[in-house]
Amino acid sequence: MFRSNVLVCGGTGCTSSNSEQIIDKLNEEIKAQGLDKEVNVIRTGCFGLCALGPIMVVYPEGAFYSRVTVEDVPEIVSEHLLKGRIVTRLLYQETVVDDNTTKSLNETKFYAKQMRIALRNCGVINPELIDEYIAQDGYAALGKVLTEMTPQQVIQTMLDSGLRGRGGAGFPTGLKWKFAAANPADQKYACCNADEGDPGAFMDRSVLEGDPHSVLEAMAIAGYAIGATQGYIYIRAEYPIAVKRLQIAIDQAREYGLLGKNIFDSGFDFDIDIRLGAGAFVCGEETALMTSIEGKRGEPRVRPPFPALKGLFGKPTVLNNVETYANIPQIILKGADWFRSIGTEKSPGTKVFALGGKITNTGLVEVPMGTTLREVVEDIGGGVPDGHTFKAAQTGGPSGGCIPASLIDTPIDYDNLIAIGSMMGSGGLIVMDETTCMVDIAKFFLEFTVDESCGKCTPCRVGTKRLLEILDKITRGNGTLEDIDKLEELCYYIKENSLCGLGQTAPNPVLSTLKYYRDEYEAHVTEHRCPAGACKALTNFHIEAAKCKGCTLCARNCPVGAISGKVKEAHVIDTEKCIKCGVCMEKCKFNAVVKK
Amino acid sequence: MQKRISSLPFHDTAEQAQKLDEVINGLKGQAGAVMPALHQAQDIYGYLPLEVQKKIADGLDVPLEEVYGVSTFYSQFSLTPKGRNHISVCLGTACYVKGSDKLLDRITQKLGIQPEECTEDGLFSLTACRCIGACGLAPVLMINEDVYGRLAPEDVDGILDKYRE
């Protein structure tokens, strides 16, 4: 037993800001102080509050240190771990009550409204030790399923729970399993979609980095329910830490007999292999993903036949998302009624969101379905920083749309988001303020889909390209009102005629911004003006002579030498040379640089 | 996505060739072996020259056009060699909203190259990538394995200088 446990976040965000070096330094200092028999350092998964990373939590006190640097480590060891004095200056300020006491993390605004089911073990256990997962009731659900339940009972529990796919479309998981179970075959597959392609969404990565066994356990449960003996996890190669921990988890589970032959002496065999993706957004679509596991170009194919009948290698297959799987062991252990008691009637349970963009607390949050956007953005997310105002939240990535400020009180669930022209998607939630141009954002997403369209069907391959061209024309100030109508018409055509989900949803960013921000499109066209000041072709930088003190700071920082003027005299920007990078505006201490 | 194809002559070492043979032999006969083979070949050579793709096609008994079809389909596979220092600027949504396009502009100006290009001295190559998942640190860029987050455009100069030494 250790008297003190130091948890350090080892997720991708915190690792990027040196949490590995912090762990090394901690171990070194603890040893130097002779505390290595008393204090244990654990590298955990993501705590969620990435904005404050690297994060360190010391138990039993529960002291939550944020933005820790390697240089802070000796002080934490000598003051806190040796002398028992919490280093107040490094604490997350919200947890500080008075000088030397802290309140629980769960009482802070960021965590208070959260409810963690899929993320329950993230930031709590060491993901590289199977024993820590088992100590948190890990593999108990698989044991229960294999020894006490028939496959039909498992499927019934999933149907009763009302769990819907967390990858985006929200199809009932139990129904998927029921279809696959009903098709007899010599070989079936239970697969996991960890090809988290939506830019700005990283919940699946965090689950795999922080709690990989929960996914393995749930896949084995799915295998038992449908009669599969082999599983594949298709994961992005861009997630090296997640891939490594997943492989460690698979090896440990095999060693413990929790994967492989005759699991729990029940006669049930199930094994899992990893397949690496190679950076193709379309592979998040289920038929494309399976084609890619087969080692081919990841192009989608026509459905039906659905994967439940003809999936991977032509055999019946279920494919579920990482977050969906992470919910399943808890549903088995606590029952369908418990799960239904959380969230809304049509969307039970919780959803994980990745908060990003112009928001104070960037990071991962898990809230019951039906929580309003306002609660997520203002209470949990801490609102928009730097005195800016909330303009819109974008959900669903390149397949989704924007939720305008006027709808901020919408309770978030699958059906409400569809009704207002967006979609849940995998759960990326990007906050935008008044400096974001909605036409530019639509163009940004179309650039993405044009790049990522696989080219198999014409409406998507050619249609998205035409959409992008029209948007580009508008952002350059060359558009006409007729272009806006054409844009809208083409969107509906692409939606109706594309082969797979990528094309069918690609126009959503355009349609939803047109729905709520048509006036911005029109301003670009009729006034040749970008109201947000974001579109470069329509914006020029000027120096207001009355405000300019002639400090020369802008001229010294201009990368192209477009600013001239003498010391203590007003400066001038040569708009011919100016590349509109905005450095002068950021540097000016007197707000003399303006966009026009 | 349009792929650039290298026009540089291909050279490999005996050690690289041997490693590739081992990879191919290990995957022979497996279903869906092309992608794992390309992944591992790229680890060995840093990119996928046509000669290497031919070897994989012959070794796995798969038509070359199928291997080529796969290598050009996925953005992770590179058909051009990378510079000694490879820069990826994240243009995921969270980074874009926080101005990562300005980081990219600054780098293209500083180095005089566009994305998917390499500087003449072979010191830097550049790509614009989609989300490395460090959205909490937006805007970010990555040089080799090092991630730099919470950046402003003017930070770029100092970061690049570190790799010139």
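For the structure itself, consult the block above.
First, a word on what this report is: a plain description of the structure on this page. (Residues numbered from 1 in each chain as written. Chains lettered and ligands numbered in written order. Predicted model: local features only at pLDDT ≥ 70, side-chain atom pairs only at ≥ 80, totals over all residues. Heavy atoms only, no water.)

1. Some points on the overall build of chain A
Keep this limit in mind: Working definition: helices are DSSP H or I runs of at least four residues, strands are E runs of at least two. Numbering for both runs from the N terminus. Only protein chains enter the accessibility calculation, which uses a 1.4 Å probe. A residue is then buried if its area is under 20% of the maximum for its type, exposed if over 50%, and partly exposed in between. For this analysis, residues touch if any pair of their heavy atoms sits within 4.5 Å.
Secondary structure summary: chain A contains 23 helices and 20 strands in total. With the principal axes as the frame, chain A shows a C-alpha extent of 85 × 70 × 40 Å. Across the 596 residues of chain A, 60% fall into the buried class. Partitioning the contacts of chain A with sequence separation of at least 6, the portion at a separation of at least 24 is 69%.

2. What about the pairing of strand 9 (residues 260-263) of chain A?
Residue and element names in this part refer to chain A. As a reminder of what qualifies: Paired strands, as defined in this entry, are two strands with at least two bridges between them according to DSSP.
Judged from the two bridges that link them, strand 9 and strand 10 (residues 268-276) form a sheet pairing that is antiparallel. Following the sheet pairing, glycine 260 is matched in strand 10 by phenylalanine 270. What sits between the antiparallel neighbours strand 9 and strand 10 is a turn of four residues, in which phenylalanine 264 has the positive phi angle 55°.

3. Observations regarding the pairing of strand 3 (residues 56-59) of chain A
All names here are of chain A. In terms of strand pairing, strand 1 (residues 4-9) meets strand 3 through four bridges, oriented antiparallel. Paired with asparagine 5 across the strands is tyrosine 59, a residue of strand 3. Taken together, the three bridges between strand 3 and strand 4 (residues 63-65) define a ladder with antiparallel strand orientation. Following the sheet pairing, valine 58 is matched in strand 4 by alanine 63. Here strand 3 folds back onto strand 4 in antiparallel fashion, the turn holding three residues, of which glycine 62 has a positive phi close to 75°.

4. A look at helix 21 (residues 508-526) of chain A
In an α-helix there are 3.6 residues to a turn, and that puts residues three or four apart on one side. Quick reminder of the rule: Bending is quantified residue by residue as the angle between axes fitted to the seven-residue window ending at that residue and the seven-residue window starting at it.
Within helix 21 of chain A, the axis deviates most sharply at tyrosine 517 of chain A, by approximately 95°. A positive backbone phi angle near 50° is found at histidine 528 of chain A, which sits one or two residues after helix 21 of chain A.

5. Some details on the interface of chain B and chain A
What counts, and what does not: Here the buried area means the combined drop in accessible surface, using a 1.4 Å probe, for two parts upon being joined, counting both sides. When a carboxyl oxygen of Asp or Glu is within 4 Å of a side-chain nitrogen of Lys or Arg, the pair counts as a salt bridge.
Contact with chain B, which involves 38 residues of that partner, is made by 60 residues of chain A. Among the residues chain B hides against chain A, the three largest losses belong to Phe73, Thr93 and Arg130 of chain B. Together they make up 17% of the total. At the junction of chain B and chain A, the tally comes to three salt bridges. Salt-bridge contacts for arginine 130 of chain B lead to aspartate 451 of chain A; the nearest nitrogen and oxygen are separated by 3.2 Å.

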